[in-house]
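Structural overview for review
Below, each chain spelled out in residue letters.
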Amino acid sequence: MTSDNKQMQWIAHAALIAFSIACVVPFLLLVMSSVSSEQTILKHGYSFFPKEFSLSAYHYLWYNWQSLGRAYGITVLITIVGTSVSLAMTSMFAYPISRRDLPWRNFWTFFVFFTLLFNGGLVPAYLIYTKLFVIKNTIWALIVPGLLMNGFNVLLVRTFFVTSVPPALIEAANIDGCGEIKAFYKIVLPLSLPIMATIGLMQSILYWNDWFNGMTYVTDSKLFSIQNILNRMMTEIQFLSSDPNMSTSASETIAQLPSATVRMAIAVVGVLPILVAYPFFQKYFVKGITIGAVK
Amino acid sequence: MKKRTGWVGALLALMLLVSACGGNGDSGKKPGGEAAEGQASQASGQEPYEVVMAFYIFGEVPRDLQLVQDEINKISKAKLNTTVKLLPINIGAWKNQMNLMMTSGEKLDLIVINEYSNDVTKGRLLPINELLERHGQGILEAVGPDYYNATKVKGISYGVPSIRDLAADYGLVVRKDLIDKHAIDVSGVNALEDLEGVFRELKDNEPNLVPITNKTNTSVLGTFSTRDSLGDDFGVLVNNGQDDLKVVNWFATEEYAEQLRTVRKWYEAGYVLKDAVQNQEADVAMVKAGKAASFLGHQKPGYEAQQSRATGMEMMTIKLGPAVAKTSTVTNNMWGVPSGAEKPERSIQFLNLMYTDKDIVNLLDWGIEGKHYAIAEDGLIDYPEGISAQTTGYGLNMGWMFGNQFLSHVWKGDNPDVWKEMDEFNRNAIKSKALGFTWDPTSVKAEVTAVYNVADQYRRGLESGVLDPDKELPAFLNKLESAGINKIIAEKQKQLDEWAQTQ
Amino acid sequence: MEQAASKIRIRPRPGKAGSRWSMAKKFWPLYLLMLPGVVYMIINNYLPMFGIIIAFKDINFAKGIFGSDWVGFKNFEYLFKTEDAYIITRNTILYNGAFIVTHTVLAIAFAILLNEIRKKFFTRLYQSIILLPYLMSMVIVSYLVYALLSMETGFLNKTVLPLLGIESISWYTETKYWPAILTIVHNWKGIGFLCVIYLASIIGIDPEYYEAATLDGASKRQQIFSITIPLIAPVVIFMTLLAIGRIFYSDFGLFYQVPMNSGPLLEVTNVIDTYVYRGLIFLGDLGMSSAAGAYQSLVGFVLVILSNYVVRRLSKENALF
């Protein structure tokens, strides 16, 4: 048995190290290009050992520090608020439909699944959010539309509940006089920390990386999130450098725009904070194993 | 079951509510309808009104936008009792945002137009000829009858071009230092084929430099033209529309094949980027980085100075054709009144200021005097002491967009007479016979999508010399035909003939 | 689905009175929990579905969405009328098929391996690292791929191939490499994410199962195939059903940006989404883009219903609804 175990360890480490290298190397290339000089990249190409170092890309971003700082603040705010509310709503919706005894259970599951397959598109959603709820150019615009809860997460959590929350436990609690809502947060939630951490991570990535809501529902630049700004820079370069009509007039603007190295710096600036925050979630992945003790 | 019908009902009710709000409600918005009672000539007698003016920008919203807006409002309030709210939207979000704002009927009074044909056929714009005659005499005068007529679709105008370069002449933009250093003779160069000699010398003397670059998503030839594209290049008038109104398939012409062979020769000789099709950099950036020596593009007076500033090297131009005015050169930047505008006459009144009032134009173009620019003794302007391009609070630098650029100050480094030259350039430009024809592809939408896909497959490769025209051009033409290009051309010819009869 | 629902409702629960009143009494707290989610979904997902009418209209902004003219199925024509219809449909389905299989197998494999690792430090380290690609946007990924494959500056053509004595390859014009390249990029970018999901379900498995199995002398291999995989089957099935439902959609960034929109590759890189984008970039027709979305959703919907039916047949437990 021990040899069996050891062999498994070897295989696991070998496979994961190989895959990890495949993931890290490109990221290193990204970081190295962001600190290369523009000329080096255009002349000699991307390299792990750039001939000439330069922080000009980060200088460019630094010029915009005022808006960047503010945007970081907004991003952190929407990520925290959005993820918390999202976790609450998702688990509250998922738990009842995970219960095999819930009347209309299949209908509700389908109700959720249907939203994953069909959507009305951007225009009607925009009409509803701006006309009925008037959230254009408010912080809600960055939190609510599309992101707050998605069917995918609901069904994922539901599936987790089905497999990992023994119905007997709930019935026992009920018999002990513990109401459904109390049972939910006293028993079900603690049991589901691993999935909550997963969903929490996914939601925070979603909020952190979202630029679409900002582009759609926000025109006031004070409310731009970090990804809004980064995405704006990206699309601008692509747009300007490819529209043959506009550029005679705008070529001066093009030349001032960031290019190769800044794009890389933008990516680094966008990704780093979430990497830093990641270990925070990780605690719970491992914790899940020991939770059996609660039973 | 009961439960279900219950919430279907609720859903329907909510939908109706939304639809009630969402409908654009075009009642009472007949152009010029309210104009009569407004008595525009006595502007001061009008009730106050705020014009929301949307335009696209590159980069960040200027820090001092509000200050500039306040200054503008001081003037427009006094003259028209109108204030303006500037609504800059980043170019990346522009198209989407305009679609959304207009479908939901948000307040918009004045917008920049960069897709005229689409905007007109989709009903995004109000007809404005009558309004222009009543409230926009200054605009009509500044634009001039020729260019004004170019905006008319079936006799109706939906927008006016900003006053800038309204024609285009194509040519090569090349580093002057290299031409001088290697004493390359460019005097005899006046066609695409003649460029080969220039490139050869550049390549021989500067082996590390690519003689000619293209820009992202465009081919080497993508920024060169000898035809009137009639909107989308699918069915064109050859020779810049100087001959007749016969719409032809550009890709099947001998001229096109000849151009492709020329570029193919360049490519094989190493004058073009090997990665031309995937080039991720703007042409200017390539020159600035010292990787390329030149690129093709369309030009205008003051263009050399502009490109020299952009690349940080002295650039010169080699003209490869006359300046030509086509519908596309006129309509690619216009101002119009969106169909949901509440008081279109007030929009036009304000627009009129943008074509006649020097102060307003300078505020929009350069910001506030003393704060964002200073006038030197020679009448040219520059940043004030201690302010630079990076620190200025208003650096939009988009004079070509805001109304009449000829009323604006000239920036240091430009020819002081640049506007006079540009005016002459516009006046003297030869005009395509189809100037003023705006193509409406609605009836052949399916074919147009298919043809765009085929073009995406072949054009950039062929026009950068990466693909061999002898092999791939016939395949391209075959696919175009089965995608329905002939149907598009026939439709275009029909529309063009109808248009010609009304001229 | 309604039948199933009523079956459940009718079936009396042991020890509970079957009457509606007591049902309501028992379940109202659960419905209360669901309320915010249901309301949100109605607002965010169901109300906007009226937008489907846009696909059947010739949108005119002066008339508004509801006032625009009906045009029947005219907006759908362009999806079928072209000879490229076959190519884009084939590409979309084949790629998605390959993605579903490779993605699922690899992600499960890595999740199991991750779970096996004893040292927690390494588990965390690997997890962070393999999630890295997921955090990058496709645009950035496309630049990285370009840095690898470019003719002028690419790492492969400049460094690796010369070492091996192979002539440089014009990657962006050779169609034969791209099915493999796209599959690799897709997996590379997405596995970390899927792996985290599967890992969460594996961690959720009651350790008693394994303890019992170990006592019975079951090998690791046996444990994986007879405990882990059957127990995470519901999640796998859910993920797969979802992927099937989206089989007519594709990741735009992967098929447009990663090949750098290279024309010569279109034969193997053009999918429905990119076709629609290329065709409509200038037309900008709302009706036509809605039509494409409606078509993609409908096909996905039919396929999901069918697959779910098959799953139900095989094992009622694991069916989604």
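All of these numbers come straight from a predicted model, not from anything done at the bench.

Counting residues in hydrophobic clusters, the biggest one holds 262 residues, and the most contacted among them are Phe113(A), Met53(B), Trp335(B) and Met354(B). Tallying contributions element by element places helix H9 (residues 178-204) of chain C first for this core, with 16 residues. Each of two domains, domain 1 (1-54) and domain 2 (60-294) of chain A, supplies a minimum of three residues to this core.

What follows deals with the pattern of salt bridges. Counted according to the given criterion, the structure contains 35 salt bridges over all chains. A salt bridge links Arg175(B) to Asp177(B), with the shortest nitrogen-to-oxygen separation between them at 3.0 Å. Among the residues examined, Arg175(B) registers a relative accessible area of 12% and is labelled buried. Among the salt bridges present, the one from Asp285(C) reaches Lys445(B), with a minimum N-O distance of 2.8 Å. Pair noted here: Asp285(C) is in the loop between helix H14 (272-283) and helix H15 (286-314) and Lys445(B) is in helix H18 (residues 445-463), and the two residues belong to different chains. Salt bridges here are not isolated pairs; linked through shared partners, they connect Arg227(B), Asp233(B), Arg459(B) and Glu463(B).

This part covers the packing of aromatic side chains. Within this structure, the stated rule accounts for 57 aromatic pairs over all chains. Between Phe118(A) and Phe301(C) the ring centres are 5.4 Å apart and the planes differ by 65°, which places this aromatic pair in the edge-to-face class. Residue Phe118(A) is located in the loop between helix H5 (105-117) and helix H6 (122-132), and its partner Phe301(C) is located in helix H15; the two belong to separate chains. With a centroid separation of 5.1 Å and an interplanar angle of 85°, the aromatic rings of Phe234(B) and Tyr452(B) are classed as edge-to-face. Of this pair, Phe234(B) sits in the loop between strand E8 (210-213) and helix H11 (254-268) while Tyr452(B) sits in helix H18, and the two are 218 residues apart along the sequence. When its relative accessible area of 1% is taken as the criterion, Phe234(B) is described as buried. Using a relative accessible area of 13% as the deciding quantity, one classes Tyr452(B) as buried.

Our next topic: the pairing of strand E9 (residues 292-299) of chain B. Residue and element names in this part refer to chain B. Taking burial as the measure, the 8 residues of E9 include 8 buried ones, the bulk of the element. Where strand E7 (residues 169-175) lies against E9, 6 bridges are found, and the strand directions are antiparallel. Counterpart to Gly-171 in the pairing with E9 is Gly-297. Here 3 bridges tie E8 to E9, and the two strands are oriented parallel to one another. From the neighbouring strand, Val-210 faces E9, where its bridge partner is Ala-292.

Before going further, it helps to examine the interface of chain C and chain B. Taken residue by residue, the interface counts 47 residues in chain C and 48 residues in chain B. Together chain C and chain B conceal approximately 4,300 Å² of surface at their shared face, both sides included; 57% is due to carbon and sulfur atoms. Contact with chain B buries surface across chain C, with Phe61(C), Glu152(C) and Leu283(C) losing the most and accounting together for 18% of the total. Between chain C and chain B we count 4 salt bridges in total. With its nearest N and O atoms 3.2 Å apart, the salt bridge here joins Asp84(C) to Lys479(B). Our count for the chain C to chain B interface comes out at 17 residue pairs in polar contact (both at pLDDT 80 or more). Sorting the residues of the side of chain C that touches chain B by element identifies helix H3 (64-67), helix H7 (138-149), helix H13 (266-269), H14 and H15 of chain C as the ones contributing at least two each. Counting residues per element, the side of chain C that touches chain B draws most heavily on H14(C), at 8 residues. Here the side of chain C that touches chain B is composed, by residue class, of 23 nonpolar, 14 polar and 10 charged.

The next subject is helix H3 (residues 65-80) of chain B. Residue and element names in this part refer to chain B. Compared with an ideal rise of 1.5 Å per residue, which puts 16 residues at 22 Å, H3 spans 21 Å between its outermost C-alpha atoms and is within 8% of the ideal. Listing the buried residues of H3 in full gives Leu-65, Val-68, Gln-69, Ile-72, Asn-73, Ser-76 and Leu-80. Asn-81 lies just past H3 and shows a positive phi near 55°.

Facing the 103 residues of chain A at the interface are 98 residues of chain C. Here chain A and chain C share an interface that buries about 9,600 Å² over both sides, 76% of which is from carbon and sulfur atoms. Three residues stand out in chain A for area buried against chain C, namely Leu16(A), Phe19(A) and Leu117(A), and they jointly supply 7% of the buried area on that side. On the surface where chain A and chain C come into contact, there are 0 salt bridges. Counting across the interface, chain A meets chain C through 14 residue pairs in polar contact (both at pLDDT 80 or more). For the side of chain A that touches chain C, the element with the highest residue contribution is helix H1 (residues 2-34) of chain A, accounting for 19 residues. Partitioning the side of chain A that touches chain C into residue classes produces 71 nonpolar, 22 polar and 10 charged.

For the rest of this paragraph, the subject is the side chain of Ser204(A). All names here are of chain A. Note that Ser-204 resides in helix H11 (residues 193-209). Residue class for Ser-204 comes out buried when judged on its relative accessible area of 7%. In this structure the side chain of Ser-204 is engaged in a polar contact, spanning 2.6 Å, whose partner is the backbone oxygen of Gly-200.

As a further point, take the domain arrangement of chain A. Residues and elements named next belong to chain A. Taken as a whole, chain A is organised into domain 1 (1-54) and domain 2 (60-294). Across the boundary between the two partners, domain 1 contributes 10 residues, which contact 9 residues of domain 2. Contact between domain 1 and domain 2 buries roughly 780 Å² in total, counting both sides, with carbon and sulfur atoms accounting for 77%. In this structure, the connection of domain 1 to domain 2 is made through 0 salt bridges. Our count for the domain 1 to domain 2 interface comes out at 0 residue pairs in polar contact (both at pLDDT 80 or more).

A few words on the sheet that holds E9(B). All names here are of chain B. Ordered by their spatial adjacency, 4 strands build an open sheet running E8-E9-E7-E10, and the pairing between neighbours is mixed. Both edges of this open sheet fall to E8 and strand E10 (315-319), since each of them pairs with a single strand only. Going across the sheet, the axis of each strand differs from the next one's by a mean of 30°, ignoring polarity.

This paragraph deals with a nonpolar patch on the surface. A cluster of nonpolar residues, Ile181(A), Tyr185(A), Trp28(C), Leu32(C), Leu35(C) and Val39(C), forms a patch on the protein surface that exposes about 580 Å² of accessible area. Listing elements by their share of the nonpolar patch, those giving two or more residues are helix H10 (180-191) of chain A together with helix H2 (20-46) of chain C. When residues of the nonpolar patch are assigned to their parent elements, the largest contribution, 4 residues, is made by H2(C). By secondary structure assignment, the location of Tyr185(A) is in helix H10.

Empty space left among the atoms is revealed by rolling a probe the size of a water molecule over them. Counted by the stated rule, this structure contains 10 cavities of 30 Å³ or more. Reported here for the second largest cavity is a volume of approximately 210 Å³. Forming the boundary of the second largest cavity are 20 residues, of which Met215(A), Phe224(A), Arg232(A), Asn90(B) and Ala93(B) lie nearest the centre. Mapped onto the lining of the second largest cavity, the elements with two or more residues apiece are helix H12 (212-217) and helix H13 (226-242) of chain A together with strand E2 (82-90) and helix H4 (91-103) of chain B. For the lining of the second largest cavity, the leading source of residues is H13(A), giving 4 residues. When its residues are assigned to classes, the lining of the second largest cavity shows 8 nonpolar, 10 polar and 2 charged.

Time to look at the sheet that holds strand E6 (residues 160-161) of chain B. Residue and element names in this part refer to chain B. Spatially, 5 strands are ordered E2-E1-E3-E12-E6 in an open sheet, and the strand pairing comes out mixed. Edge positions in the sheet fall to E2 and E6, since each of these pairs with one other strand and no more. Inspection of the sheet shows E6 paired to strand E12 (residues 334-336) by 2 bridges, in the antiparallel sense. Bridging across to E12, Val-160 finds its partner in Trp-335. Contacting strand E1 (49-57), E2 and strand E3 (110-113), H4 runs over the sheet at an angle of about 125° to E2.

Reading the values: rules and limits
Residues numbered from 1 in each chain as written. Chains lettered and ligands numbered in written order. Predicted model: local features only at pLDDT ≥ 70, side-chain atom pairs only at ≥ 80, totals over all residues. Heavy atoms only, no water. Core = buried A, V, L, I, M, F, W, Y, C linked by side-chain atoms within 4.5 Å. Buried < 20%, exposed > 50% of the residue type's maximum accessible area, 1.4 Å probe, protein only. Helix = DSSP H or I, 4+ residues; strand = E, 2+ residues; numbered from the N terminus. Domains from an automatic or database assignment. Salt bridge = Lys/Arg side-chain N within 4 Å of Asp/Glu carboxyl O. Phe/Tyr/Trp six-rings, centres within 6.5 Å; stacked < 30°, edge-to-face > 60°. Pairing = 2+ DSSP bridges. Contact = heavy atoms within 4.5 Å. Buried area = accessible area lost by both parts, 1.4 Å probe. Polar contact = N/O pair within 3.5 Å; in protein donor to acceptor, adjacent residues only side chain to side chain. Nonpolar A, V, L, I, M, F, W, Y, C, P; charged D, E, K, R; others polar. Expected span 1.5 Å × (residues − 1). Axes fitted to C-alpha atoms, helices over the stretch in contact; angles between N-to-C directions. Patch = residues over 30% accessible without salt bridge, like charges linked within 9 Å, V, L, I, M, F, W, Y side chains within 5 Å. Areas by Shrake-Rupley, 256 points an atom, 1.4 Å probe, with all protein chains shown as cover. 1 Å grid on protein atoms, 1.4 Å probe; cavity = no way out; pocket = protein on both sides within 12 Å on 5 of 7 lines; lining within 4 Å. Points joined across faces, edges and corners; volume = space filled by probe spheres on them.

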